[in-house]
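Listed below are the residues making up each chain.
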Amino acid sequence: MSNKSTTAVAEENQPSRRKFFIGAGATVGAVAVASQTSIGKAVIQEIGSTVKGKDDGYQLTAHIRKYYETTML
């Protein structure tokens, strides 16, 4: 039987900012690694070719392509 009170156990199970930021940091790290793999690079090229195929309105320029690449980390 545990010596912890039900209040202490309830407080441990509640989400905290620290746990959130640790999880967010791990997720960003995983995305950064994934974007550098061959699959991640293929996704970036697919996005570019999809956007590039449209003639009206939005144009994919070198500046915008660089922005997309930097957001993938």
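Residues numbered from 1 in each chain as written. Predicted model: local features only at pLDDT ≥ 70, side-chain atom pairs only at ≥ 80, totals over all residues. Heavy atoms only, no water.

Undergrad: Even after reading the chapter, I still don't get the packing of aromatic side chains, so can you show me in this structure?
TA: What describes a pair of aromatic rings is the distance from one ring centre to the other and the angle between the planes of the rings. Taken as a whole and judged by the stated rule, the model has two aromatic pairs. Between Y67 and Y68 the ring centres are 6.1 Å apart and the planes differ by 50 degrees, which places this aromatic pair in the tilted class. The class for Y67 is exposed, based on a relative accessible area of 52%. (Phe/Tyr/Trp six-rings, centres within 6.5 Å; stacked < 30°, edge-to-face > 60°. Buried < 20%, exposed > 50% of the residue type's maximum accessible area, 1.4 Å probe, protein only.)

Undergrad: Just checking my understanding: could you explain the environment of T71 for this structure?
TA: Relative to the helices and strands, T71 is located in helix α4 (residues 62–71). Each C-alpha atom of the pair T71 and A32 lies 9.5 Å from the other, and the pair is 39 residues apart in sequence. Reaching out from T71, the side chain makes a polar contact with the backbone oxygen of Y68 at a distance of 2.8 Å. (Helix = DSSP H or I, 4+ residues; strand = E, 2+ residues; numbered from the N terminus. Polar contact = N/O pair within 3.5 Å; in protein donor to acceptor, adjacent residues only side chain to side chain.)

Undergrad: What's the story with the environment of A34 in this structure? I'm lost.
TA: Examined against the element boundaries, A34 turns out to sit in helix α2 (residues 17–35). A34 gets classed as partly exposed once you look at its relative accessible area, which sits at 39%.

Undergrad: Can you walk me through the confidence of the model for the chain in this structure?
TA: Interpreting fine coordinate detail is not advised for predicted regions of low pLDDT. When pLDDT is averaged along the chain, the result is 76, and 71% of the positions lie at 70 or above. Taken element by element, the predicted model of the chain shows its lowest mean pLDDT in helix α1 (residues 6–13) (64) and its highest in α4 (86). (pLDDT = per-residue confidence, 0-100.)

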